[in-house]
Structures are given as structure tokens and as C-alpha cells.
Amino acid sequence: MRSFDKFKIWVLCICLVSELGYGFYLPGSYPHKYGVGDYLNVKVNSLTSIDTELPYSYYSLPFCKPEEGVKDSAENLGELLMGDRIENSPYRFKMYTNETEVFLCQTKPLSADEFKLLKERIDEMYQVNLILDNLPAIRYTRKENYFLRWTGYPVGIKVQDAYYVFNHLKFTVLVHKFEETNVARVMGTGDGSEVISTVGNEGSDAPGYMVVGFEVVPCSFQHTPDSLKNLKMYNKLPSPIKCDPTTVSMAIKENEPVSFTYEVNFVESDIKWPSRWDAYLKMEGAKVHWFSILNSLMVITFLAGIVLVIFLRTIRRDLARYDELDKEAQAQMNEELSGWKLVVGDVFRAPSNPGLLCAMVGDGVQILGMAVVTIMFAALGFMSPASRGTLITGMLFFYMILGVAAGYVSVRLWRTIFCGDHKGWVGVAWKAACFFPGLSFLILTVLNFLLWGSHSTGAIPFSLFVVLILLWFCISVPLTLIGGYLGAKAPHIEYPVRTNQIPREIPAQKYPSWLLVLGAGTLPFGTLFIELFFIMSSLWMGRVYYVFGFLLIVMILLVVVCAEVSLVLTYMHLCVEDWKWWWKSFFASGSVAIYIFLYSINYLIFDLKSLSGPVSATLYLGYSLFMVLAIMFATGTVGFLSSFWFVHYLFSSVKLD
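Residues numbered from 1 in each chain as written. Predicted model: local features only at pLDDT ≥ 70, side-chain atom pairs only at ≥ 80, totals over all residues. Heavy atoms only, no water.

Going by an unreviewed UniProt entry, the protein chain carries the name Transmembrane 9 superfamily member and comes from Solanum pinnatisectum. Turning to the protein chain, the UniProt record has this under Sequence similarities (unreviewed entry): "Belongs to the nonaspanin (TM9SF) (TC 9.A.2) family." (UniProt positions renumbered as here; feature names shortened; annotations may be inferred.)

Shown next as C-alpha cells:
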């Protein structure tokens, strides 16, 4: 009967989950139904450029403003940190209603400053980013029989010595007929208020549509002054407009106004709503992407397997030979010991700067745990590109929660190093709570001053800085201290051998051991350098990164390789009687950060050739430094913990007196 009761409970749970699946949608992924004639409001995001990497507000340029005034859309913490500034725009459509020659506005005569700023933004290749129903505007260009996809459209173009602005936009909105008969249970906030329930209107034959595509073609068109007289916003121009993207005619001049117009065409498409992001997620050379990652995974797995097999055979043969001897032979062998057996009295001697090591290991556990959990959620679709800012917001949330793990690991390691002594655990927990976040705040503050000086929307507002500090000291620090308290109460790990009072002298080495440690990072770097290219492209080239499943596989493989590399290096150091393995095991795998930083410099020189100005280069190097520090903490922690386990296991397997 108990088995039958468990079966009924499982069936009930499955039914409940299924019911919830019908009733709710993932954030940012629920469909919006619009009736014919319903208003569609276009939003604007920050102006962006791969030439400067500095985002600016859309209304920092002399563009048309909406009649009701400029209003910020609801933004989450991740959007603010990424420099997104989503605002309303004057562009508005009516569902399934084609419109042409729609007059938007005529600006005031351009002042000297506005004219200069427009020219600078055109020279720096800034793109205007529009959003309709959470879909960015996409632009297609043809080059050598290939269609290239771009998000947004350029502010203008320079032809010879003249500057032309794209003042007429030709929109194409792809729609798909709404197929759901009941969406009353759809829940959401913000744009979710636009969802229309069909409950009670089942007899109505009025069709509903969903937006599944948003395309834009920018044009430069010179309007005649007479055709714009007495026109108000959204009036129809008396003369037709021929939108030809291959020609330009609206040259900007100082003390002359600029007129803006648009047209919109609705096209019914076979694209279904769940597939509407496919156009943005398709990347050029996708087959090469998949093949390269798979090939890299196979090669690194094969090499790591060989290293691991050789390593295990060597250790097992050494231990088996020792265990087969009788007591007299073991006693005689102890007198003729060599290699790692000679450092038995020093192998667990406390390292230099133990508090710093404990704090870095604790921070590494926190960063690694945050990365794994975030990537898993992203791979499951909870942090899709459709939900802007959720990836950064999720990373901050998981990082703060995992402060408990950071405090626990750092304090328990501290007590293990000092054989169970409780003294100083509060200071260690404080170091773990403040060391990496303190470095991060220092880097971000310096970079933020540069962004403030450039008047970029990428600058973190002062109010958000206060919020981040409050999150740090009111949530992350207390959780880390709680974890430290739990670590202080937990039993420490007992060493299998005693430590001598006088440290053993380390023999002179043919080569500096740190050279081998720094060179060990090449193998972990080989597991991720291909994936690193796509990540860098998404960060700095405006592409959408979405292959989180492969990223999760690469991360798991990276953890395995870091552990194996650190084990091998630790064993090699012990074999040459070098018992100072603590920091070397950390940096053996953590040195992969050096190669990632060198790769970042290589990417800056050869792939971001258009990046201009010392501010842009400083921002790039600053964010790269922040990234490699986090990677060094995470990979170094993997190497240290695996080496600690190995050394403890090795000297527990054979008793030496």
C-alpha cells in the first residue's frame, strides 16, 4: 500500500506541474495578443557602437520626442548595469494597418553643438536600437550574395565630406494569427498588461495577432519645405516618399532643421511565436562553431584522460610496492626514502599568508557556484535573450546567496590549517566577504568615473551604486558571516601525519618551480579559447550569445582539467621535495587567467581594430581585468581543493613514521 500511495503522490505532483505549465509562462516569454487597430508602441534603447563601446541615450541626439514626453520603461538591475536605457518613442503603429508617408516632426534648426555631436556619432558608427513587443529591430544587408543581419540601424553616413542622416524609416512588422483560445491565466508585469483575455468572447470572430518579426530599412530623404507646412505629428504627407537605401539626400547642415518620417507595412508570416527569436540567434559560421567546440572537447578530454591514467598508475604502483613489503623491509625502506615520502613532516605545514589563501578559496567557491547555477538556469531557458538583464540580475542574486558557502569554506579551511584553532575565524570571514567584492568595486568605480566623464548611459547612477553597496553589506556580508559561523562549528579536517617543528630545507631546483606553474595554465586555456571567442564577440561586437548548453559542458570540462593539472603539478613538486604546494596548487590552474588576459589583448588588437580612443581601450582592459580575476579565483580554487584532497589521500594511504 505504501508503494501505491507514493505512486498516487507522484501522479498528483505531475498533474500539478502540468497545470502550472498551462497557466504560466516563463518571464519575458508570454505571447501578446493584439486586435486589429490596437496601438503598438515602439521603444528605443541606448545608442551603441562597436567603435567606442560607449552607449548613449537616444534623446542625446536631436530626434523627435513623443507627445506625452520621454518616459523610462521599467528596468531591472541587470539592464541598468549593462547600460541599457529603454524609453518610449514617438513611433506608433496600429495592428494590421499599413501606413505610408507618416510625418513625425521637424526639429529646430541644428545648433553648432548639435551639428558637431551628430557628425561625431556618425563618424563613430553609432546604431539606433528600436524595440517592438520585446523584439529588437533587425536590418538586412546584402554583400556578395550573402544576407547579413544587424540589429538597429546607423544614425547616418558620411559620403565624401558631407554627412547624411537617416530620417525616414521603412518598418515591416511580421505578424502571426493568434491561435490560443484562452489566455486569461497569463501572468506578467510591465508589457504583460497588454495581454487581452478572450474569456467570455469565445463567440467573437475578431482575429488577433502576435508580433513575430520587426524589420527596418533606413533611408535618407530630402523633404521639400512646402510639403511640411501646417503638418502635425502622425499627419500624412501630401507627396509620396520613395525609400531607396542605396542613395542618400538628407545632408545635415548647421542652423537647418531635420524632418523625420516613417512608413509601416504589416505582413502575415508563417513564423510561430516560439520561433520569433530564431532570426536573432542565427550566427554566421554556426557549423564551424559547433564543430570547433566539439573537436576541442574531444581532444582535451583525450589528453586529460591520458594524464590521469599515467598519474594514477604511478601512484598506485608506488603504494602497492610499499604495502607488499614486510615490517623489516618497510623500516629499511624508510631509511632510504626519496621523493614525496621525505616531506611527510612538512607537507601540511601552514602556508604563507594563510588568511589570504582562505579568503581567495572561499571567494572562488562563491564565484564558481554562481557561474554553474547561472549557466544551468540559462541553459534551461530561464534567462533567454528575450528577458533583458535577467542574466546579470541572476548572477548577482546567486552570488549573494552563495556567500554562505564562501564563509563556510574559508573558515573551515582556516581551522584545518591551524589544526582546529577557532581564533581569527571572524577576520577570515570578513576577508572572504570583502576581498573580491572590494577589488570589483575598485575596478568598477574607476571605470565608472571614465563613463561619467563621457556622459555615457553605461555609467552606473549614484543611486544604483548605493543600492549595490547596500546589497553587499546588508545581504552578502551577513550571509558570509553566517557561513563562517557554520564553518567554525563544523569539525576541521584532521591531518594524517604530524608536522615537524623545524621545516625541511628544499633542495635547489634546476628550473624555477613557478615557471612550471605559470605554464600549466595552457591546458585549461585550450578547453575554452574557442568558446571564449564567441563570448567576447557577444560582449563587444553586439552579437547575441545563446549556446549556454555548450558553455555548461565547457565549464565542466574546464573544472576537470584544472583539477588534473593541479594534481600533476602538486605531485611533481612533492617528488622533488618541494613541500610548499599550497599557493602553487592554486596558481597552477589559476594561471589560465593570464592566458585569457593575453587573449583579450590579442582580441583588442586584431578583432577590435575599429575601437578608438583611450577611454574605450581603458574600459575594455578594465572589464577584461575584472573578468580574469573572477576566472583566476574560480579555477585556482578548483586546483587547490583537488590538490588538498590528493595530498590528504596520499599521505593517509601509507603510514610513515
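There is more to say, and it comes next.
1. Quick look at the overall build of the protein chain
Tallying secondary structure elements over the protein chain gives 17 helices and 15 strands in all. Put simply, the protein chain has 657 residues, and 47% of those count as buried. For the protein chain, contacts bridging at least 24 residues in sequence account for 84% of all contacts bridging at least 6. In the structure as shown, the protein chain presents an accessible area of about 33,500 Å², 63% of it carried by carbon and sulfur atoms. (Helix = DSSP H or I, 4+ residues; strand = E, 2+ residues; numbered from the N terminus. Buried < 20%, exposed > 50% of the residue type's maximum accessible area, 1.4 Å probe, protein only. Contact = heavy atoms within 4.5 Å. Areas by Shrake-Rupley, 256 points an atom, 1.4 Å probe, with all protein chains shown as cover.)

2. Describing the pattern of salt bridges
As enumerated under the stated definition, the model contains six salt bridges in all. Across the pair Glu 101 and Lys 236 runs a salt bridge, and its minimum N-O distance is 3.0 Å. Residue Glu 101 is located in strand 4 (residues 99-106), and its partner Lys 236 is located in the loop between strand 14 (208-219) and strand 15 (259-268); the two are separated by 135 residues in the primary sequence. Its relative accessible area of 12% is what places Glu 101 among the buried residues. Notably, a salt bridge pairs Arg 504 with Glu 577, separated by 3.2 Å at the nearest N-O pair. Of this pair, Arg 504 sits in the loop between helix 11 (462-489) and helix 12 (513-519) while Glu 577 is found in the loop between helix 14 (548-575) and helix 15 (582-590), placing the two residues 73 residues apart along the sequence. (Salt bridge = Lys/Arg side-chain N within 4 Å of Asp/Glu carboxyl O.)

3. Things to note about the nonpolar core
Of all hydrophobic cores here, the largest spans 142 residues; its most connected members are Phe 93, Leu 130, Phe 171, Phe 214 and Phe 651. A total of 16 residues in this core trace back to one element, the largest contributor, which is helix 17 (residues 614-653). Among the nonpolar cores identified, the runner-up in size contains nine residues, and Leu 77, Ala 433, Ile 460 and Val 477 belong to it. (Core = buried A, V, L, I, M, F, W, Y, C linked by side-chain atoms within 4.5 Å.)

4. Details of the packing of aromatic side chains
To describe a pair of aromatic rings, you give the distance between the ring centres and the angle between the ring planes. For the coordinates displayed, the defined rule picks out 48 aromatic pairs. Summarising the aromatic geometry, the rings of Phe 441 and Phe 465 are spaced 6.1 Å apart at their centres and angled 55° between planes, so their arrangement reads as tilted. Of the two residues, Phe 441 is situated in helix 10 (residues 425-453) and Phe 465 in helix 11; the sequence distance between them amounts to 24 residues. By the burial criterion, Phe 441 is buried, and Phe 465 matches it. An aromatic cluster is defined as three or more aromatic residues linked by ring pairs; in this entry it consists of Phe 441, Phe 449, Trp 452, Phe 465, Trp 472 and Phe 473. Taking the ring centre of Tyr 56 as reference, the NZ or CZ of Arg 121 above it sits at 3.9 Å. Lying across the ring of Trp 579, Arg 349 places its NZ or CZ 5.7 Å from the centre. (Phe/Tyr/Trp six-rings, centres within 6.5 Å; stacked < 30°, edge-to-face > 60°. Lys NZ or Arg CZ within 6 Å of the ring centre and 35° of its normal.)

5. Re the sheet that holds strand 6 (residues 130-132)
Read across the open sheet, the four strands follow the order 3-2-6-7; overall the sheet is antiparallel. Edge positions in the sheet fall to strand 3 (87-94) and strand 7 (135-136), since each of these pairs with one other strand and no more. In this structure, strand 2 (residues 39-44) lies alongside strand 3, joined through five bridges in antiparallel fashion. From the neighbouring strand, Tyr 39 faces strand 3, where its bridge partner is Lys 94. (Pairing = 2+ DSSP bridges.)

6. Focus: the pairing of strand 14
Where burial is concerned, most of strand 14 is hidden: 10 out of the 12 residues are buried. Sheet analysis places strand 1 (residues 34-35) next to strand 14, joined by two bridges and oriented antiparallel. Of the residues in strand 14, the one forming a bridge with Tyr 34 is Tyr 209. Here strand 13 (residues 168-177) runs beside strand 14; their pairing, made up of 10 bridges, is antiparallel. Opposite Leu 174, over in strand 14, you have Gly 213 as the bridge partner.

7. Some points on the packing of helix 13 (residues 522-540) against helix 14
Packed helices, taken two at a time, are described by the angle their axes make and the gap between the axes. Contact geometry of helix 13 with helix 14 gives a least axis separation of 8 Å together with a crossing angle of 155°. Considering the angle they form, helix 13 stands roughly antiparallel to helix 14. For helix 13 against helix 14, the interelement crossing comes out left-handed. For the pair helix 13 and helix 14, contact is made by Leu 523, Pro 524, Thr 527, Leu 528, Glu 531 and Ile 535 and by Leu 551, Val 554, Leu 558, Val 561, Cys 562 and Val 565, respectively. (Axes fitted to C-alpha atoms, helices over the stretch in contact; angles between N-to-C directions. Parallel < 35°, antiparallel > 145°, perpendicular 65-115°, else oblique. Left-handed = near helix turned anticlockwise from the far one by under 90°.)

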